[in-house]
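Residue-level listing of the chains:
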Amino acid sequence: MTARISLFAFCPVELLAFHETSVCSGSGLVRVVMEGFWAVFFPVLRVWFTCLVVLIMLPAMFGISLGITETYMKILLKTLEWATHRIQRASRAEEILKHSASNGLIQRDNSSLEQEIEELRRNRPKSAERGDFTLSDVLYFTKKGIESIVEDDVTQRFTSEELQSWNLLTRTNNNFQYISLRLTVLWGVGVVVRYCILLPLRITLTAIGLSWLVIGTTLVGFLPNFRVKGWLSELVHLMCYRICARGLSATIHYHNKQNRPKRGGICVANHTSPIDVVILANDGCYAMVGQVHGGLMGVLQRAMERSCPHIWFERAEMRDRHLVTQRLRDHVNNKTKLPILIFPEGTCINNTSVMMFKKGSFEIGGTIYPVAIKYDPQFGDAFWNSSKYSMVSYLLRMMTSWAIVCNVWYLPPMTQEEGEDAVQFANRVKSTIAQQGGLVDLAWDGGLKRAKVKDSFKEQQQKKYSHMVVGDDSSD
Amino acid sequence: MGSRASSLLREEDIDEIKKETGFSHSQITRLYSRFHSLDKGENGALSREDFQRIPELAINPLGDRIINAFFPEGEDQVNFRGFMRTLAHFRPVEDNEKNKDMISGEPLNSRTNKLHFAFQLYDLDRDDKISRDELLQVLRMMVGVNISDEQLGSIADRTIQEADTNGDMCISFSEFTKVLEKVDVEQKMSIRFLH
């Protein structure tokens, strides 16, 4: 590490020399100014880097903490509490705060179609045949339809969660108007701190982390296949993810570490953002599964592949489900390989619920290690709304939040039981994760973010209703 | 940063909507957030596609008819006022209705207006009559492919026969009201808004 710093120290000197020769034809005043600038700038840079390395990087790499982040979080908490107080005092009606996202807008009955239509028909004079049609039947569908327009379970999962109380970030300012001067000043200070101090710090850290990942894994890749290689590769991966986590000011609490995924298993977790990978990989090494990308991601993927086996699929291969399952199965059956990390939802959900788990991962066989991840939205919203933000703007938003705070629960391993098919198994795992993380368990498909809902659901309802119209002697 | 939902809704607008529909201040702001989140094009109005994006509504057999009820004759966009006006039909009926002195004379969520909403679900061409054809079409929407044409036809005929009192083979609004006079429309067509 010190070698890198001295390298940096030498570079500006050479730059300076180059600059001198290039502007020697210009006026002497310009030269003096430039010299002065460099003379001030690069010691600052040197101090900056030394601080960075000693105070943040080195401890992060070895997993120790100097307490800087803890102090920062404490100050942050106190400030946010104070801000909440102020907002509470200012808004006489407490309605703004009572309406948290968990309180719905309307209260719905959960009675079935049959029950409701029976009730509607109750007052009608009975006719001879069982089952019939009445003009009032339409009221059931109308009410259900309007209820879903006012509030539905699915569309709200694809936008960021609403906060109970403003956390001094502009982006979460939905219903909170101007309250007081002090609060605005605090918000202004927050903006300065986040954009001018924290953002450059975090970008530097992430850049260092990622480049170390690429360099480290490539170096390890040159080693022959001894046990040392595996150990070194894990070390490199862990260090880089730790640096990246610091680059996001991530505070992670791991629970039930005894249930941590073991080799030859499949780790399954709910998906909120690409950062989930960093969060989980901070505490263990996983084999990643995913599509081959170009650009920066592609560089990372190829580098990681060199030091330990991951599973990257070409786009065309992804469509062949049999091939995918086979490759995953081969990896899992090899008990020396790292556990696979899969997000069965297939897309990012906003961390208030868990949506349908695709059954593909549950058909591989092998032990499933469920993991529940729950972010604290007070400090920063981790959800990636991919239709609204690109990856780069998302990362920038992450790096200008206060911090990322989350809880990770490792749940006891689960295997498919006798007489249980993949879908039922998937649902069982999903409920366990939802229960642990305090998330809503939904059966809807996360793919509804982009795709239209299948017609078969409508047909189911039509069929149920038809039974009520023609009675039990169905014509089909 | 983008536009914030609440900043586009002024206090005067909220007051007007309150007078017209009877919703409370907090209900209006929350429904505005909902309107805004459905409005993917961010142009202050909802189109039919915006409604279709709600999965629960898309699988409702009468989804298209319900969506249609929001749009005035011949229009493709509904603004927030129109949205609230339609939703106001589903407000529960209270004893102390504050907005009794309205232009139209009756609050939007009265029994008559609720029944009128349901009537319009059947009345496809908005000519204030439910013809046999219209009834058949709506029936077909609700049952899908599970019942044959003949059976459906006989059901429609029987329904019209029972309801029709003036012999024009169509169901008018007053005949419709008579058929549903014993149904607890106030409860069945009201949504329980919290707060």
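Residues numbered from 1 in each chain as written. Chains lettered and ligands numbered in written order. Predicted model: local features only at pLDDT ≥ 70, side-chain atom pairs only at ≥ 80, totals over all residues. Heavy atoms only, no water.

(A) Highlighting the overall build of chain B. In terms of helices and strands, chain B carries 11 helices and five strands. Projected onto its principal axes, the C-alpha positions of chain B cover 60 × 35 × 30 Å. Classification of the 195 residues of chain B by burial places 51% in the buried group. Look at the contacts in chain B between residues 6 or more apart in sequence, and 58% of them connect residues 24 or more apart. Computed over 26 positive and 36 negative side-chain charges, the inter-centroid distance for chain B is 6 Å. (Helix = DSSP H or I, 4+ residues; strand = E, 2+ residues; numbered from the N terminus. Buried < 20%, exposed > 50% of the residue type's maximum accessible area, 1.4 Å probe, protein only. Contact = heavy atoms within 4.5 Å. Lys, Arg positive; Asp, Glu negative; His and termini not counted. Charge placed at Lys NZ, Arg CZ, Asp CG, Glu CD.)

(B) Broad picture of the UniProt feature "domain: EF-hand" (unreviewed entry) in chain B. Residue and element names in this part refer to chain B. Here, UniProt's "domain: EF-hand" (unreviewed entry) annotation points to residues 26-61, 110-145 and 151-186. Overall, residues 110-145 shows 67% helix and 6% strand. The separation of its end C-alpha atoms is 36 Å. Helix makes up 61% of residues 151-186 and strand 6%. Its end C-alpha atoms lie 32 Å apart. (UniProt positions renumbered as here; feature names shortened; annotations may be inferred.)

(C) The arrangement of the confidence of the model for chain A in detail. All names here are of chain A. Counting all residues, the mean pLDDT for chain A is 79, and 84% of those residues have values of 70 or more. Overall, residues 1-16 carries pLDDT values under 50, and its contacts beyond four positions in sequence, including any with other chains, amount to 11 contacts. Counting interchain partners and residues more than four positions distant, the pLDDT-below-50 stretch residues 94-102 has 15 contacts. (pLDDT = per-residue confidence, 0-100.)

(D) Inspection of the interface of chain A and chain B at higher detail. Contacts between the two partners involve 57 residues from chain A and, on the opposite side, 57 residues from chain B. For the pair chain A and chain B, the two sides together bury roughly 5800 Å², of which 63% comes from carbon and sulfur. The largest contributions to the chain A side of the interface with chain B come from A:Leu105, A:Leu135 and A:Ile149, which together make up 14% of the buried area. Here chain A is connected to chain B by one salt bridge. Counting the contacts that link chain A with chain B gives 12 residue pairs in polar contact (both at pLDDT 80 or more). Of all the secondary structure elements, the ones that give two or more residues to the side of chain A that touches chain B are β1 (106-107), α5 (113-121), α6 (138-150) and α15 (455-470) of chain A. Per element, the largest residue contribution to the side of chain A that touches chain B is 12 residues, and it comes from α6(A). (Buried area = accessible area lost by both parts, 1.4 Å probe. Salt bridge = Lys/Arg side-chain N within 4 Å of Asp/Glu carboxyl O. Polar contact = N/O pair within 3.5 Å; in protein donor to acceptor, adjacent residues only side chain to side chain.)

(E) Just the environment of B:His36, in detail. Residues and elements named next belong to chain B. Considering the arrangement of structural elements, one finds His36 in helix α2 (residues 25-38). Judged by relative accessible area, which is 18%, His36 ranks as buried. The spacing of His36 and Leu8 is 28 residues in sequence and 9.9 Å in space, taken between C-alpha atoms.

(F) Representation of the side chain of A:Thr142 within the structure. Within the fold, A:Thr142 resides in helix α6. Since its relative accessible area comes to 0%, A:Thr142 is described here as buried. At 2.6 Å, the side chain of A:Thr142 forms a polar contact with the backbone oxygen of A:Val138. Beyond its immediate chain neighbours, meaning those up to four positions away, A:Thr142 contacts B:Ile66, B:Phe90, B:Phe117 and B:Leu121.

(G) Examining unusual backbone geometry more closely. Positioned with a positive phi, A:Ser249 is a non-glycine residue whose angle comes to about 50°. With respect to the secondary-structure elements, A:Ser249 resides in the loop between α8 (227-246) and β2 (250-255). Classification of A:Ser249 as buried rests on a relative accessible area of 13%. The phi dihedral of B:Glu42 falls on the positive side, at around 55°, and the residue is not glycine. Its location among the elements puts B:Glu42 in the loop between α2 and β1 (45-46).

(H) Spatial organisation of the UniProt feature "transmembrane region" (unreviewed entry) in chain A. The positions that UniProt labels "transmembrane region" (unreviewed entry) are, in the present scheme, residues 36-68, 179-197 and 203-223 of chain A. Across residues 203-223 of chain A, helical content stands at 90% and strand content at 0%; the span's end C-alpha atoms are separated by 31 Å.

(I) Here's a closer look at the sheet that holds strand β5 (residues 311-313) of chain A. Residues and elements named next belong to chain A. With mixed pairing, seven strands are arranged side by side in an open sheet as β2-β9-β8-β3-β6-β4-β5. In this open sheet, the two edge strands, each paired with only one partner strand, are β2 and β5. Mean inter-strand twist for the sheet, computed between neighbouring axes without regard to direction, equals 25°. With three bridges joining them, strand β3 (residues 266-269) and strand β6 (residues 340-342) adopt parallel strand pairing. Looking across to β6, one finds that Val268 is bridged to Ile342. Lying over the sheet, helix α14 (residues 422-437) contacts β3, β8 (368-375) and β9 (404-410), oriented at roughly 35° with respect to β8. (Pairing = 2+ DSSP bridges. Axes fitted to C-alpha atoms, helices over the stretch in contact; angles between N-to-C directions.)

(J) Region of interest: the packing of aromatic side chains. Within this structure, the stated rule accounts for 21 aromatic pairs over all chains. Arranged with centres 5.4 Å apart and planes meeting at 70°, the rings of B:Phe119 and B:Phe173 form a pair that is edge-to-face. Here the residue B:Phe119 occupies a position in helix α7 (residues 111-122), and B:Phe173 occupies one in helix α10 (residues 173-179), the gap between them amounting to 54 residues. Given a relative accessible area of 22%, B:Phe173 falls into the partly exposed group. Joined through ring pairs, the aromatic side chains of B:Tyr32, B:Phe35, B:Phe51, B:Phe70, B:Phe71, B:Phe80 and B:Phe83 make up one cluster. The ring of A:Tyr389 carries the charged tip of A:Arg397 above its face, separated from the ring centre by 4.2 Å. (Phe/Tyr/Trp six-rings, centres within 6.5 Å; stacked < 30°, edge-to-face > 60°. Lys NZ or Arg CZ within 6 Å of the ring centre and 35° of its normal.)

(K) Summary view of the pairing of β9(A). Residue and element names in this part refer to chain A. Of all the seven residues making up β9, six are buried; the element is thus mostly covered by neighbouring parts of the structure. Relative to β9, β2 runs parallel, the two being bridged by six bridges. Of the residues in β9, the one forming a bridge with Tyr254 is Val408. Bridge count between β8 and β9: five bridges; the pairing is antiparallel. By the bridge assignment, Tyr375 is partnered in β9 with Cys406.

(L) Region of the structure containing the domain arrangement of chain B. Residues and elements named next belong to chain B. What the domain assignment lists for chain B is domain 1 (11-89) and domain 2 (107-188). Centre-to-centre, using C-alpha coordinates, domain 1 lies 25 Å away from domain 2. Each partner contributes to the roughly 1200 Å² buried at the junction of domain 1 and domain 2, and carbon and sulfur atoms together form 63% of this total. A per-residue breakdown of the area domain 1 buries against domain 2 is headed by Leu62, Arg65 and His89, which together make up 53% of the total. At the boundary of domain 1 and domain 2, one finds one salt bridge. Taking the shortest distance from any N to any O, the salt bridge between Glu73 and Arg126 comes out at 3.5 Å. Along the contact surface separating domain 1 from domain 2 lie five residue pairs in polar contact (both at pLDDT 80 or more). (Domains from an automatic or database assignment.)

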